[in-house]
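# Notes for the structure review
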Amino acid sequence: MAWSRRYNTPAVQDMTLDDLQRGYESRRFTCSDLVRVQLACIREVNDKAKAVAEIDPTATEQAEVLDLERATGKIRGPLHGATILLKNQIATYNLNNTCGSTALLGAKTGRDAAVVKKLRDSGIVIMGKANMTQWGSNRDPEQGNGWSADAGQALGVYFENQDPWGSSSGSATGTALGLAFAALGTEVEGSIICAAERSNLCGLKPTVGLVTRDLVMVSPRLGSVGTLTRCVKDAAEILTAIAGPCKLDPGTRNIPFSTVPDYAASCQAGGLRQARIGVPTNALRGSPPMAELLPVVKEAFNRALRILQSCGAIIIHDTDFTEFDEVLKSKSPDVVKSSDFKHMITEYFGNLVENPSGIRNAADLVRYTQDDPREAYPSRPTRGLEKAAMAMEERESEAFAAAVEYTQYLADEGGVGGALRRHAVDVLILPTCVAPMVPALGGYPMISVPLGFYPEGTEVKWNVRHDLVQCAPGLPFGLTFIGGLFSEEKLIKFAYAFEHATQVWRQQRPRINISGCLSP
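Residues numbered from 1 in each chain as written. Predicted model: local features only at pLDDT ≥ 70, side-chain atom pairs only at ≥ 80, totals over all residues. Heavy atoms only, no water.

An unreviewed UniProt entry lists the protein chain under the name Glutamyl-tRNA amidotransferase subunit A, from Lasiosphaeria hispida.

So this is what it looks like as structure tokens:
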């Protein structure tokens, strides 16, 4: 074991699963070595980066068990000895699961979420909880990305005071810094893929219901558990481990296969040959100022289309979302999201085996958040929580059913599903910054891969609070592939082939340097 600022291969910031397994197989280092380095890296940078909300005190013990198994010839699979951070809304038996709120400090679920059990069974070490945007960006429209009352302000790693974007912010920045091999995040609309974009990572949001949401504080209707990794193949390996039916999540009953695919088998360099890729041109305008396509990103997107063609893909333009304008102005999606969030709060707090705050519902949560000084109210408002507290209670009512049905129509026939069918395309493609809005309404899968970086001379732009930089020289941006429900094999195949052809993710590293490396 050695420390060096020369980043001998493999440095923790660059490590892929292939690097990791080669190191283990050649006995250059052990899982215990890796965990010691990553724990040291967390201590080195977390005061500034605020990527990690809580370290798992059993991480070293987990690694020692896996090393002993390897020494005796027991290898659980390709993820044996990998390390991971969990977004702070995915429950474990031994750590806080706060969703970024002090209201859940000390609360207990009594067991791991089902997805965590799958990770442990595959041989992954749980390093701890990643910081996140409080309540998955549901506290307030202007609450600020990456801020939570219990863990502070997570910062992006490519520019001073960078906005990390997306509510899976610490999952992204922690992975980019090598504080774990990968991370799990959650997403309704952009929380994974937008956070991945700003950290030069691959972000995978699976089809809603492909991965269990048991004991995960996310909408069971629109929320998904996904991955943030350095490359597509790593995402594919993790997805194989966590996907599949779960008795504790009724939403997984819709999975159309009985055996989980080997998603990594889809990672083929020639995977784009004869792929039919549609461009929903009308969605390129986004929804400024939150989702805005700047000229430099549009130019990179056009270059990406030419690269895809050179790799054998067939590009079909104007595969538009016919109800895109209606998506921008309809109230139905907000009715559904607010009611779902209200219901999720009541259900999660109600299922706790220990609940020190005594909160039972969204109205209680509003009062707590406004009263506890750690929650920084009114500097950070609570309009989203207040909206949820007043959201539709009668979820069996005709009005709510109509809102759900119309939201699904906007996503399906008026959105992704209709575009795929009408134009007979395999997938759709958009710059990540304008990609998530329509697919999110119907639970469609997306995968974002690095596309480029803002050039020198880019104007520095701040968020509405003027405390985080949202646009600046050197910030990464991404390209998103959008597929039909349960089309992850196809998405992974195309995204991997594009990543293989461009290698953008290797072109720049985070500005925050850490001293951790593993000697060859």
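The structure having been displayed, the exposition proceeds.
## Re the pattern of salt bridges
Applying the stated criterion to the full structure yields 27 salt bridges. In this structure, D249 and R213 form a salt bridge, with 2.7 Å as the shortest nitrogen-oxygen distance. With D249 in the loop between α7 (232–242) and β9 (276–279) and R213 in the loop between β7 (202–205) and β8 (224–229), this pair connects stretches of sequence that are 36 residues apart. For R213, a relative accessible area of 7% gives the class buried. (Salt bridge = Lys/Arg side-chain N within 4 Å of Asp/Glu carboxyl O. Helix = DSSP H or I, 4+ residues; strand = E, 2+ residues; numbered from the N terminus. Buried < 20%, exposed > 50% of the residue type's maximum accessible area, 1.4 Å probe, protein only.)

## Notes on the environment of A195
For A195, the position within the fold is in helix α6 (residues 193–197). Classification of A195 by relative accessible area gives buried; the value is 0%. When the C-alpha atoms of A195 and L155 are compared, they prove to be 11 Å apart, with 40 residues separating the residues in sequence. Those residues in contact with A195 that lie beyond four places of it in its chain are P164, W165, G166, S168, S169, A172, G190 and L228. (Contact = heavy atoms within 4.5 Å.)

## Concerning unusual backbone geometry
Backbone torsion omega between Y377 and P378 reads 10 degrees, so that peptide bond is classified as cis. Here P378 shows up in the loop between α11 (362–371) and α12 (383–389). Positive phi, normally seen in glycine, also occurs at W165, with a value near 65 degrees. Mapped onto the elements, W165 comes out in the loop between β5 (152–153) and α5 (169–176).

## Things to note about the sheet that holds β8
Sheet architecture is open: 11 strands sit in the order β1-β3-β2-β6-β8-β7-β12-β15-β11-β9-β10, paired in mixed fashion. At either end of the open sheet lies a strand with only one pairing partner, and these are β1 (52–55) and β10 (314–317). Averaged over all pairs of adjacent strands, the angle between strand axes in this sheet comes to 30 degrees, irrespective of strand direction. Against the sheet, α5 makes contact with β2 (83–87), β3 (125–130), β6 (182–187) and β8, and its axis sits at roughly 160 degrees relative to β6, the strand it touches most. (Pairing = 2+ DSSP bridges. Axes fitted to C-alpha atoms, helices over the stretch in contact; angles between N-to-C directions.)

## Digging into the packing of α7 against helix α16 (residues 488–502)
The geometry of α7 relative to α16 is characterised by a closest axis approach of 9 Å and an angle of 160 degrees between their N-to-C directions. Relative to α16, the element α7 lies roughly antiparallel. Every pair of crossing elements has a handedness; the one defined by α7 and α16 is left-handed. Of the residues in α16, those in contact with V232, K233, A236 and L239 of α7 are E488, I492, A495, Y496 and E499. (Parallel < 35°, antiparallel > 145°, perpendicular 65-115°, else oblique. Left-handed = near helix turned anticlockwise from the far one by under 90°.)

## A closer look at the pairing of β3
Where burial is concerned, most of β3 is hidden: 6 out of the 6 residues are buried. Direction of pairing for β1 relative to β3: antiparallel, over a ladder of 3 bridges. The residue bridging I55 from the neighbouring strand is G128, located in β3. Relative to β3, β2 runs parallel, the two being bridged by 5 bridges. Opposite L85, over in β3, you have G128 as the bridge partner. Crossover connection from β2 via helix α4 (residues 114–121) to parallel β3: handedness right-handed. (Right-handed = clockwise from strand over helix to strand, strands pointing away.)

## Quick notes on the nonpolar core
W135, L184, I277, L308 and F481 are the most contacted members of the largest nonpolar core, which has 154 residues in total. Among the elements that line this core, the one with the most residues is helix α2 (residues 31–49), at 9 residues. (Core = buried A, V, L, I, M, F, W, Y, C linked by side-chain atoms within 4.5 Å.)

## Digging into the packing of aromatic side chains
According to the stated counting rule, one finds 6 aromatic pairs in the structure shown. Measuring from ring centre to ring centre gives 5.4 Å for Y24 and F29, while their planes differ by 65 degrees; the resulting arrangement is edge-to-face. Take Y24 and F29: they sit in the same class, and that class is buried. Ring centres of W135 and F341 lie 6.2 Å apart, and the angle between their planes is 75 degrees; on these two criteria the pair is classed as edge-to-face. You can see W135 sitting in the loop between β3 and β4 (147–148) and its partner F341 sitting in helix α10 (residues 332–350), a full 206 residues away along the chain. This pair shows no difference in class: W135 is buried, exactly as F341 is. (Phe/Tyr/Trp six-rings, centres within 6.5 Å; stacked < 30°, edge-to-face > 60°.)

## Side note on the packing of α2 against helix α3 (residues 59–71)
Between α2 and α3, whose axes approach to 8 Å, the crossing angle comes to 160 degrees. Judged on the interaxial angle alone, α3 and α2 are roughly antiparallel. At the point where α2 passes α3, the crossing takes the right-handed sense. Contacts from C31, S32, V35 and L39 of α2 reach α3 at A59, T60, A63, E64, L66 and D67.

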